[in-house]
Structures are given as structure tokens and as C-alpha cells.
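Residue-level structural notes
Residues per chain are reported as follows:
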Amino acid sequence: MNWMLLPLRRYAQFSGRARPREYWMFALFIILVTIVLMIVESILGIGSSDTTRMLGDGQIGFAGQHNAGWLVGLFTLAILVPSIAVGVRRLHDTDRSGWWTLIIFFPFIGGIILLVFYIISGTRGPNRFGPDPVEAGPDAPERQKYGRGQSLNRLALNRRWTTGTIGMSDMSGLHAAALAERTPAGETIEIGRLLDVGGASSQVALDATLIAALADDPDEGIAMAGQIGAQVKLRVGPRWLLASLRTMRLAAPDSDTIIAAVDFLGEGDCEGATGRMVNFRRGVTRYPVPGTPVHPVSAREMRQMYAADDRPHIEIGSVYPTRNIRAALYVDALLGKHFALLGSTGTGKSTSAALILHRICEMAPEGHVVMIDPHGEYPAAFRDAGEIFNVDNLAMPYWLMNFAEHVEVLVSSTGPDRQLDSDILAKCLLAARAKNRCAEGLTKLTVDSPVPYLLSDLLGILQAEMGRMDKAGGSAPYQRLKTKIEELRADPRYTFMFSGMLVSDTLAGFLARIFRLPGGGKPISIIDVSGVPSDITNVVVAVLARMVFDYAVWSRGETQRPILLVCEEAHRYIPSDRVTTGAAVRSILERIAKEGRKYGVSLGLITQRPSDLAEGVLSQCGTIISLRLNNDRDQAFVRAAMPEGSRGFLDALPALRNRECVISGEGVSIPIRVALDDLEPARRPASNDPVFSDLWRETGGEAETIERVVKRWRAQGR
């Protein structure tokens, strides 16, 4: 009787294999029930006109002359799906696709061929559709799930789950059975089955009551089983396959079965003695088949997965949902392929950036980090760990600019006049550079060469060219350039760059100061550009970024000194295609993003609006660290840049708490959700929000404050 009813218990299960006994015993069951129904119809006189009725779908049937009525018709409909399903599984047993069922539509010959397939024996041992059912027996799924020593009550619960009849009243029994049967590593707790496999993403069916029962488990990993972003594992031969839950839904409104989409993350070896997962690595070499049991991942296994190996790393927080499993970033992978730190305003983005940079500086005290700080937040965080530069001590010579940067600063015309002004500037700038002693002996001097020149020489050359009788056009272009240069020389706001004291050849000293060569135990330079006039801020950043890249290019063959360039508010410097300003800075940062790693230049982008970044730049970042993002467009932009295995975490981006982030990419072994460490107050950036409720209760000292502010305001300095 068990063999006869087995296809009904597996009502719509089209995956797996069915041995001949299961198929033909079900055929016998259909024939017997049909005969009984025919007899009942005859006795009750409810039969219809003579017809030859084939039961099922033509695979399992009984033909005969009878006045068939509605009883036989209802039974035919009831067994239609399980008869097709057991026929498909019978074909699977012979290592044939279920699509062979369609051959029945070929008259006569199709039915004969299909009958031969159903009669022949199945393949010995496992095939592509699952294990050998002859070796497993009719209760193989239950035995594989709970072991040979399981209790009959546990097996009954499983069958009730399979048929959808288990309820919340069985929760305590399920929980007790699960806890009693599991090993310390938790590998034998089955919480569901794999439904389908599709590359990186698949679907599993989970037992909602068992998940609810395990919620109070003392093991943090097992207690979180069934939560979005939680990890589960599946046994595939000698390995455990790790997956992350991405989406969840009820199979039906009154069902206790949850259908969840999962993303495969990697695999680990199954330790022989304990069955635990060890030696975890990214990537999947062998996929499971539908029907494979799904197990939760214990905290002990999570600790082994997330444990940093021998590669250099920094620890920045705890892996969610645990409190004592440390989250590590692999420094070489993090910096070697760039990284991006994203997060809406107020989520702890600046503090998180300071935390990561502090950890890097502690690990590498002779490193070389240059950070562009547009708001003056970070000097407070790195006053003791690095060098702080602003308009008072930056002393960046104007002649460091290449031709494109000169055009952005000196050429103010538009339309056709802009090209004419640029041509005149190129000719006069080259002549001014050629007059310097540093140009002597250079066989290839260009307008981009970082050769010092005097502004007075440039003005003199412009004046001389303007007085020539054979000049193209009138004197207006020359006059515009002269006026702009004289304005810059006279404006004290530009003294840090256009001072007459910056005419000597200080290139080597400037590079040594800014790039920390040598570092002297202070490996980071904070470039505070908050005091730079807004009209040339992009040019200043462009010069600094280009100097980093050009130094790396021209130092090939020397002892390599990799440099990390960090850009806060990166969307201001690498804007999307919708924004056309700041062409020079965008060009160089895009080039660093694409080519920098070849020359030992790492790029770190920090932004609150990733959707405003130039398309393709974020995809060049090998590691993405994302805090909470509230904007739908930003979320979509990050989702497109992150790898597929991170999609389950991405759905949680709007729900992250402050200083909680999702990390994905080369810098971590697998995508993780991290609660970041607290940073000591003295090492935090000056980015705290004002406490209005407290500050608006205080009074006193306003007159002195206003006097000091006005003085600094007028002096244009801090």
C-alpha cells in the first residue's frame, strides 16, 4: 500500500527519480480504484453513455467499455497530476528528460515507445536527476533528512510538512526533535529542501514552523536561519555549498512552507569527523540537485568562514548577526582594485571612512595616503596620525597645472572664442616654460611639462603677441587672458597657488610632502580644500590627482611606492554625464579608476549620492562598502554595480542602522553585513550633527564669537 500511495504523497514532484515498482504499483492502484468506481456507478445507475475512457494522461490508464459517470471523471482529474509526475520521474530513472512524455501524442508508435521506457530498468547509481531510488527505498528523503535512527514521530511530522498539514501546534515537538537529533555543529538540522537550481540563484522551500522554533536557539547562526541575508548550506558530495537568503514568501496563504530565493556564495569541505564546514572559499564548482536538504549555518562555521587567513587584513567590526565574529577586510585586495564607501547623510559615513583609514595607517605606518577633504572634517581625526594641509600651508605652484587645467582657470570665454583663447594660451604658455632654466636640455618640452615659469613672463609674451601686426583676429583674446591672470595674482584668496613666492622649482619637495615620502610614521596627508575658492576647487583636486597618477607612471623601474587617493564627496569630482563642469578632474579620476591599479595607484571613493557618479566608475571599484541608502535611485545604482551574490544584502540597504554596512567584492571572502566598531572620540572627524535642543538653551559670549568670525571672514583664513 505504501508503494501505491507514494506518488500521491509526491503529488506534483516532477524532480527526482521513480523506480519501476513505484510506477507500476500506482498503475495497479488506479486500475483497482477505477474498477470499484465503475461497479458503484453501475449499482447507482449514474453512468453515462458508452465510452472508452483512458485514465490519467495516457501513461497510466485502464480502457474498457463502461457507462462512465461523474465518479470516474472526478477520480481521473484527481490522479492526472501525480500520474504525469510519476511518469516524468520514471523517465528520469532511465536518464531521460521528462519531455519524452510528449511522444504520447504520436499515434500508436508513441505509446509503444513510452511503454518500453517505463518497463526497462533504471540506471544503476546516481544520475543527473538524483540518487538511485532502488538503493534509497520509498522513504529515502525522510531517512536522508533525519538519519536511520530517527523516531517515528519525527518521520510523521516530516510527512505532514510535505503534505502541508503541519500546524503551529506541532512547533514544540518539532523543536525538541530537531535539538535532540542534531550534532553540536548543527549540520543535521534540516529546515527545507532545494526546489530549483539556476546558476547563481535558486529557490528553496523552508519549514516556517521549524524556523520559528529555532529562533530561540542559543547558537546565533541557527537562531537567524530563515532571515533575509542569513546563510544556509547544502551538502553536495564531500562539500558544503553556502547560500544566502535573498527573498522570502509564503507558498500559499494558509501554508507553513516558505519559498525563498537564494544566491550561492561559495563552498567548503565537509570535515569527516564532525560534518562541519571547513576550508571555505569563494566560487561554486558543483551544484546541488533539486530535493537537496537545506541546513542552517552554525556560529562556529560562520567564525571559520569569516576568519581572516594569512593575508594582511584589518578588522573593522562584527559580522551580523553575531557579536563576537570579527569582520576583516583584506588590505591588498581592497586597495589593489579600488573601493567605494557609500551612505546617505547621517548614517556614519565619515566616521566609517576614518575608522578604515585609521586601521590601514596602524597596519602600515609607512604607507602613502592622500585624502581630499572638501569640508574640513578629517583634520580633527588625523591630527596625530598624519599631516594636515590647507590654503595656509599647501603652497601648490600654479605651474604644476597642465594645459587643460590652465584652460579651466584662465579661459573664461565660451563658444568659438574659447577655442581661439585656448590656442593663444597654448602658444604663449609653451614659450614661457621654455624660458626657464629647467627647460634647458629637454628634447621634448610640451605645454603639459611641469616646468616652472613666471607669470610676468607669460604676461610679457601675451603683450608681445598682442602687438604683432600679423596676429590672427583682434586684441580681445589677448586682453581677456591678461586680465584673468592679473586678477588671480592680485586676489589674496589664490595666494596658496598664484603667489610670487612659488616660482622656484619645488616639485620634488611638494611630492615628498604630499605623498609622505618618507612617511615618518604619519602615512596620511589630509588636503583640506574647504578654504579653496569654489571656482578653482575642481582644478586643485585635478592637479593633486594627476600628480599622484603621473608620479606612479614616471616612477616605473624605481622602488614601487603605491599611493592611495581618497576622494570625499566623490560625486562632485566625477559627476554623471548629466553634469558638464570639471572636465579635467573627472578625466583624471576616471583614468585612475580604469588604469590606476596597473601603476600602483589605488582609488577610494566616498559619496552620499552614488547615482550622481559617472557611469562605469563605481563598477571599477572591486570592493563596495555600503551604509544605509534611502534614495531609490541610489539603491538601484549600487545594485547594478554589486555582484549577484550580494543581492540578498542589497534589499536590506534601506533598513540598515547607523554605522552598519554591507560589504561586497574583492576585499572580503563573501558578502557580509557588518556592525562597525566604535571609534574613539579623539579619532573621529568633525562631522557630528548639532544638538539643537541643547544648544538653543545656551547663551553668552555671542559678541566675542561674532568679532572673531568677522575677523576670520575678512582675512579669508582660519
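Residues numbered from 1 in each chain as written. Predicted model: local features only at pLDDT ≥ 70, side-chain atom pairs only at ≥ 80, totals over all residues. Heavy atoms only, no water.

**Comments concerning the UniProt feature "transmembrane region" (unreviewed entry) in the chain**
As recorded in UniProt, the feature "transmembrane region" (unreviewed entry) lies at residues 23-48, 68-88 and 100-120. As a span, residues 100-120 carries 52% helix and 0% strand, and end to end its C-alpha atoms are 15 Å apart. (UniProt positions renumbered as here; feature names shortened; annotations may be inferred. Helix = DSSP H or I, 4+ residues; strand = E, 2+ residues; numbered from the N terminus.)

**Let's talk about helix H4 (residues 80-93)**
A rise of 1.5 Å per residue sets the reference length of H4, with its 14 residues, at 20 Å; its end C-alpha atoms lie 20 Å apart and thus fit the reference within 8%. The element H4 is extensively covered by neighbouring structure, given that eleven of its 14 residues are classed as buried. Within H4, the full set of buried residues consists of Pro82, Ser83, Ala85, Val86, Gly87, Val88, Arg89, Arg90, Leu91, His92 and Asp93. (Expected span 1.5 Å × (residues − 1). Buried < 20%, exposed > 50% of the residue type's maximum accessible area, 1.4 Å probe, protein only.)

**Notes on the confidence of the model for the chain**
Predicted confidence across the chain gives a mean pLDDT of 80, with 84% of residues reaching 70 or more. Predicted confidence is poor over residues 49-66, with pLDDT under 50, and the contacts of this stretch with residues over four places away or in other chains come to 62 contacts. Note that residues 137-187 has pLDDT below 50 and, in this model, 90 contacts with residues that lie over four places away or in other chains. (pLDDT = per-residue confidence, 0-100. Contact = heavy atoms within 4.5 Å.)

**Some details on a nonpolar patch on the surface**
Taken together, the side chains of Ile35, Val36, Ile39, Val40, Ile43 and Leu44 present a nonpolar region at the surface, about 540 Å² in accessible area. The topology assignment puts Ile39 in helix H2 (residues 20-44). Overall, the relative accessible area of 46% leaves Ile39 in the partly exposed class. (Patch = residues over 30% accessible without salt bridge, like charges linked within 9 Å, V, L, I, M, F, W, Y side chains within 5 Å. Areas by Shrake-Rupley, 256 points an atom, 1.4 Å probe, with all protein chains shown as cover. Salt bridge = Lys/Arg side-chain N within 4 Å of Asp/Glu carboxyl O.)

**Some details on the pattern of salt bridges**
If you walk through the whole model with that rule in mind, you get 29 salt bridges. Shared partners join several salt bridges into a network, and the residues in it are Glu315, Arg326, Arg359 and Asp677.

**Looking at the sheet that holds strand S10 (residues 313-319)**
A sheet is described by the order of its strands in space; here eleven strands give the open sequence S11-S10-S20-S19-S18-S12-S17-S16-S13-S15-S14, paired in mixed fashion. The sheet is open, and its two edges are formed by strand S11 (326-330) and strand S14 (386-389), each paired on a single side. The average undirected angle you get between the axes of adjacent strands in this sheet is 25 degrees. When strand S16 (residues 563-568) meets strand S17 (residues 601-607), the two strands line up parallel, connected through six bridges. By the bridge assignment for S17, Leu564 is matched with Ser602. Here helix H14 (residues 349-363) sits on the sheet in contact with S10, strand S12 (339-342), strand S13 (369-373), strand S15 (524-528), S16, S17, strand S18 (623-626) and strand S20 (672-676), set at roughly 140 degrees to S10. Sheet strands touched by helix H22 (residues 583-599): S16 and S17. Its angle to S17, the strand with the most contacts, is close to 140 degrees. (Pairing = 2+ DSSP bridges. Axes fitted to C-alpha atoms, helices over the stretch in contact; angles between N-to-C directions.)

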